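This is what each chain is made of:
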Amino acid sequence: MKLLKIGMCLLSIFFTETLVFAQSNTQLKIGFMLPYSGTFAALGNAIENGFTLYIKENGGKLAGREIVYIKVDDESDPSKATDNVNKLIKRDNVDVIIGTVHSGVAMAMAKVAKDTGTTLIIPNAGADAITGPMCAKNIFRSSFTNGQPGYAMGEVAAKKNHKTAITLTWKYAAGEESVKGFKDSFEKGGGKVIKDLTLPFPNVEFQALLTEIAAAKPDIVYSFVAGAGAVKLVKDYAAAGLNKTIPLYGPGFLTDGLLEALGDSAKGMLTTLHYADGLNTKRDKEFRLSYAKTFRLQPDVYAVQGYDAAQMLAIGLKASQGDVSRKDDFAKAIRSATIDSPRGPFTISKAHNPIQDFYLREVIGKENKSVGIASKSLADAARGCNM
Amino acid sequence: MDFFTLLIQVLNAVQYGLLLFLVAAGLTLIFGMMGIINLAHGSFYMIGAYLSFGLAPIVGQTIGGGFLVTLVVGLIFAIFLGYLLEWLFYSYLYERDHLQQVLMTYGLILVFEEIRSLLLGDDVHSVAIPDWLSASIQLGDIMTYPTYRLFISGMCLLLAAAMLIVLTKTRLGMMIRAGSVNREMTQSLGVNIQFLYRLVFAAGVAIAAFAGMIAAPVTSVYPGMGQNILIICFVVVVIGGIGSIRGALIASLLIGFVDTFGKVLLPNVAGVLMYVLMATILLWKPSGLFKAGS
Amino acid sequence: MKKSQLFFLLILASILVFLPQISSEYVTDWLTKTMIFAIFALSLELLVGQTGLVCFGQSAFFGIGAYTAVLFSAKVDHTYLGYLLPLAIFAAALYALIVGALSLRTKGVYFIMVTLAFAQMAYYVIHDTPLGGGTDGIYLYSKPIIFGDLVLEGSICIYFFTAISLFLVLGFLGLLSSSRFGRALIGIKINELRMRAMGFETYWYKLAAFVISGAIAGIAGFLFAMKDGFVNPEILSWHVSGTVLMMIILGGLGHLRGAVIGAFTYALLEEIFRSEIIFGSFSKNWHLGLGLTLILSVALLPKGLFGMRDQLLRGLSLDLGNFKKPPKTKL
């Protein structure tokens, strides 16, 4: 009996929590589900910074509604994802969810968002399935699809007449899709991928694999890892002396935001990404100045993606007059808009993924300087999306 | 695979195996001598790694030393921690059955992880290799092998040798070996078993922490690193035979080879191989390869 | 059935029927999740509490049940429940048969380690090979048809389906423990040698317990897949095995009710420790509270919450007849 009483008391804590978060209609609740710890922590922070910067530039309000944030650390762990996003949607009653970095976590989020109809804007995770079979009217992406940067890099590598390549990545959806994107364009351009090396996520013991690469002697290596793992890889690669004979190519995630930590080991590296330093456009210069002033940091691609997620949200809310339940108006507005991003203007595809230019960047000094466009207006394949 | 690649992979396997041995040795000794299944042993490895990350700046500022001084300071800290833990917590576990030990030490893992999170955060950190060890040895035309990894293997061998000498050639070692074979008898012979336990436990913790400290520059410091190595060390201890140092050494090297070459030759099943090996050995020798006390 | 057991079942039933009417979808989902864990805990209780086999690899059967359910669900059309659920149970039970047949040759701490090893094997097969869809997990694209037009989807439907499953499992295990088979298991837990001396072929009894336990864990896994619509390899990790072990200890070993209480207690503790209202910024370190609770509960309440009553009474020196009776498995 005692137990029953205790149980009921404790259960009432839930009710209280639900009540405490009862919304006032003028506030717009935004749920951030981002990695605030672990290997992607810096990325999560950059995304949040970019997003909140845009909101701040607009007086803390969108479509007349004051913005309130609720944060959850997803720990880049897909097994906790469903629970975490359920908490945000069903207990905290957020109106919009922004997240996340890890593709596996984002997949779980997309499923719940699709089932419940909550608006979800993804500021990084590039899992193909999200704008593939999981695509939905209420799910948007302000970043990229995993295959896109890889595809752009493959074209560059083929044009440079490299014939053989070895790929190296973490064994998870993002890695596999990135490598596939590279393979598609590289082999179309006459190259051949002779081996695919993988490591379990987020393991960073690259040593054995680097030895294999040295033994196989390919023309180039294409690698996708991000965050702290990227720092380790690029450093280990240079320490093994491989960067002198076998160039390391990859999507910009290998170097973006990490040049401080990488030091000399990344000198001269070529990467492809939908953002670069030194773009010298008015929009980008304004954004960079504003970001540097507010956060005393240089922005990177993650910050831009967060910023653009806020822009997309603003466009949608303006069209639906602040009402997130008017999903058709919301979606239509974003689909027909050209988003004025610091990366350059872009539009979204029918599957709600950006169609954008990919820059070829070279590490010069402390910047990933753009040295040209690797791929113009690259869209994602969006296989399996029936929208 | 050409000769140099093979050599490098062999060196990698040996280095990994020896590192495992350092952690597993403590585990098997604690288990063999005191009969405690200590699931939190991996946390000591993690503590060591975080120590080398956290102490480096402090040591640099106060004593002005570098890598080696940090190692020594960390080692002293770990011995102290081990002694304290045995006195406050583990001594209560002797009389309990295996299930309770499993659960209490599992709870301890959670506690350690969270304390680490509160004190040092959840980010991934890299630890710098000291300059005098950052060189690489040239092998063949493209390959190089980092000197630091040779340093790791060297240190492990040194510690293993030290352990061997203490265990076989000193009186203390004799008491330890006796205690791991038959506790009551040793006690009845007038040995202060309480002190011996505390010493062995502290040593086990210190060695595991030391392994973490020297491995940190290679593996990076991240949450959960203790738990990965814990499971592997349990496999080592079970294969080698509980309470047997020799068994731990052989099993660690075995696992080192299986894992390293597995990743290279059969990457899809590399993760499973170690467990298949363990299951096979246990089915052939249900108590592990060697008996306690060897 | 004793009065207290009947009472327990009635209270449980009324809470479970009553609560969804008044609570939000979040609470309903939470209850569903907890009931699934209760079924999972019951499966382990059969092994640890009744037979005395400390299995540290229960997550494998749970995970195999869940993954089978997802892998064999059609992508576009609906699959039949009558085909999917037995399939999930069969897969889990099959793996339990293999694991049991091999592990039961070892004893003591080696047994614990071997069961852990087999769970890790299953984990890595799902984690690393294309069989399980990789580290990010796979989606359940369609929910199964129960019969006719009734599909197993929607919070309330899954809730009641899980509740019914929980009661069926409780009933089954209750009948099992009062049967000759169940008594034999208890005898094996108390003194296996004596049972063998009496002519019982203990190996087969233990193996049977293992398979039944695996099958029930498979049911829990199936329900889990249905609820979330998404599975990933982490449900096979040894942390899950540790967690479910924690649940049955919290509730009290040797009682089926203990497993259910333990599951609910664990879930409540998790919510409390994670609650930002109580702990503020420390809520993200909720494992700390959990770890401390586990240590304290094993140290101070070795018989779990269920035994708390007995312990309190003993502490207050109120002697009750119950104490003198030998341990029996109660519902």
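**Overview of the overall build of chain A**
Here's step 1: Looking only at helices and strands, chain A features 12 helices and 14 strands.
Here's step 2: In summary, chain A has a C-alpha radius of gyration of 21 Å against a globular reference of 21 Å for 387 residues, a match within 12%.
Here's step 3: Overall, chain A is about 70 × 55 × 45 Å in size when its C-alpha atoms are taken along their principal axes.
Here's step 4: Counting the 387 residues in chain A, one finds 63% classified as buried.
Here's step 5: Partitioning the intrachain contacts of chain A with sequence separation of at least 6 by distance along the chain shows that 68% fall at a separation of at least 24.
Here's step 6: For chain A, the exposed surface amounts to about 13,900 Å²; the carbon and sulfur share of it is 54%.
Here's step 7: Averaging the coordinates of the 47 positive side-chain charges in chain A and doing the same for the 39 negative ones gives two points 2 Å apart.

**Some remarks on the domain arrangement of chain A**
All names here are of chain A.
Here's step 1: Examined at the domain level, chain A breaks down into domain 1 (23–144 + 278–356) and domain 2 (147–273).
Here's step 2: The C-alpha centroid of domain 2 is placed 28 Å from the C-alpha centroid of domain 1.
Here's step 3: Taken together, the contact between domain 1 and domain 2 spans 17 residues of the former and 17 residues of the latter.
Here's step 4: Interface area for domain 1 against domain 2, summed over the two sides, is near 1,200 Å², with a carbon-plus-sulfur share of 61%.
Here's step 5: Counting across the interface, domain 1 meets domain 2 through zero salt bridges.
Here's step 6: Remark: the boundary between domain 1 and domain 2 carries four residue pairs in polar contact (both at pLDDT 80 or more).
Here's step 7: Of all the secondary-structure elements, those providing two or more residues to the side of domain 1 that touches domain 2 are α11 (301–319) and β13 (354–364).
Here's step 8: Class assignment for the residues of the side of domain 1 that touches domain 2 results in seven nonpolar, eight polar and two charged.

**A closer look at the interface of chain A and chain B**
Here's step 1: Counting residues at the interface gives 21 residues for chain A, matched by 21 residues for chain B.
Here's step 2: In this assembly, chain A packs against chain B so that about 1,800 Å² is buried in total across both faces, 57% of it on carbon and sulfur atoms.
Here's step 3: Across the chain A-chain B interface, the total number found is zero salt bridges.
Here's step 4: Remark: the boundary between chain A and chain B carries one residue pair in polar contact (both at pLDDT 80 or more).
Here's step 5: The set of elements that each furnish at least two residues to the side of chain A that touches chain B consists of α7 (207–216) and α8 (228–239) of chain A.
Here's step 6: The element best represented in the side of chain A that touches chain B is α7 of chain A, accounting for six residues.
Here's step 7: Among the residues forming the side of chain A that touches chain B, the class breakdown is 10 nonpolar, six polar and five charged.

**Side note on the interface of chain C and chain B**
Here's step 1: Listed by partner, the interface residues are 41 residues for chain C and 41 residues for chain B.
Here's step 2: Of the roughly 3,600 Å² buried between chain C and chain B on both sides combined, carbon and sulfur atoms contribute 78%.
Here's step 3: Between the two partners, chain C and chain B, sit zero salt bridges.
Here's step 4: For the interface between chain C and chain B, the tally reads five residue pairs in polar contact (both at pLDDT 80 or more).
Here's step 5: Secondary-structure elements contributing two or more residues to the side of chain C that touches chain B are α5 (108–128), α10 (238–251) and α13 (286–300) of chain C.
Here's step 6: The dominant element in the side of chain C that touches chain B, judged by the number of residues it contributes, is α5 of chain C, at 13 residues.
Here's step 7: Considered class by class, the residues forming the side of chain C that touches chain B number 29 nonpolar, nine polar and three charged.

**Thoughts on the nonpolar core**
Here's step 1: Among the nonpolar cores identified, the biggest contains 211 residues, and Y90 and I214 of chain B together with F222 of chain C are the most heavily contacted of them.
Here's step 2: At 15 residues, helix α8 (residues 193–219) of chain B tops the list of elements feeding residues into this core.
Here's step 3: Apart from residues lying up to four places away in sequence, I214 of chain B is in contact with L19, L71, Y148, F151, I152, M155 and C156 of chain B.

**Points about the confidence of the model for chain B**
Detailed reading of the predicted coordinates is not advisable wherever pLDDT is low.
Here's step 1: With 97% of its residues at a pLDDT of at least 70, chain B reaches an overall mean of 84.
Here's step 2: Listed scores for the predicted complex are pTM 0.85 and ipTM 0.82.

**Here we look at helix α2 (residues 41–57) of chain A**
Residues and elements named next belong to chain A.
Here's step 1: With 17 residues, α2 extends 24 Å between its outermost C-alpha atoms, agreeing within 8% with the 24 Å of an ideal straight helix rising 1.5 Å per residue.
Here's step 2: The buried count for α2 comes to 13 of 17 residues, which makes it a mostly enclosed element.
Here's step 3: In the segment just after α2, G59 is the residue with positive phi, at about 70°.

**Thoughts on the pairing of strand β7 (residues 164–170) of chain A**
One face of the sheet, then the other: side chains in a regular strand alternate in exactly this way.
All names here are of chain A.
Here's step 1: Burial analysis of β7 places six of its seven residues in the buried class, the great majority of the element.
Here's step 2: Of the strand pairs in this sheet, β7 and strand β8 (residues 192–199) are connected by seven bridges, and their pairing is parallel. Residue L168 lies in a different strand from β8, and its bridge partner there is L197.
Here's step 3: For the crossover that starts at β7, traverses helix α6 (residues 173–188) and ends in the parallel β8, the hand is right-handed.
Here's step 4: Two strands pair when backbone bridges link them, and β7 and strand β9 (residues 220–224) are joined in this way by five bridges, in the parallel orientation. Across the sheet, residue T169 finds its bridge partner in β9, namely F224.

Conventions adopted
- Residues numbered from 1 in each chain as written.
- Chains lettered and ligands numbered in written order.
- Predicted model: local features only at pLDDT ≥ 70, side-chain atom pairs only at ≥ 80, totals over all residues.
- Heavy atoms only, no water.
- Helix = DSSP H or I, 4+ residues; strand = E, 2+ residues; numbered from the N terminus.
- Rg over C-alpha atoms; globule rule 2.2 N^0.38 Å.
- Buried < 20%, exposed > 50% of the residue type's maximum accessible area, 1.4 Å probe, protein only.
- Contact = heavy atoms within 4.5 Å.
- Areas by Shrake-Rupley, 256 points an atom, 1.4 Å probe, with all protein chains shown as cover.
- Lys, Arg positive; Asp, Glu negative; His and termini not counted.
- Charge placed at Lys NZ, Arg CZ, Asp CG, Glu CD.
- Domains from an automatic or database assignment.
- Buried area = accessible area lost by both parts, 1.4 Å probe.
- Salt bridge = Lys/Arg side-chain N within 4 Å of Asp/Glu carboxyl O.
- Polar contact = N/O pair within 3.5 Å; in protein donor to acceptor, adjacent residues only side chain to side chain.
- Nonpolar A, V, L, I, M, F, W, Y, C, P; charged D, E, K, R; others polar.
- Core = buried A, V, L, I, M, F, W, Y, C linked by side-chain atoms within 4.5 Å.
- pLDDT = per-residue confidence, 0-100.
- Expected span 1.5 Å × (residues − 1).
- Pairing = 2+ DSSP bridges.
- Right-handed = clockwise from strand over helix to strand, strands pointing away.

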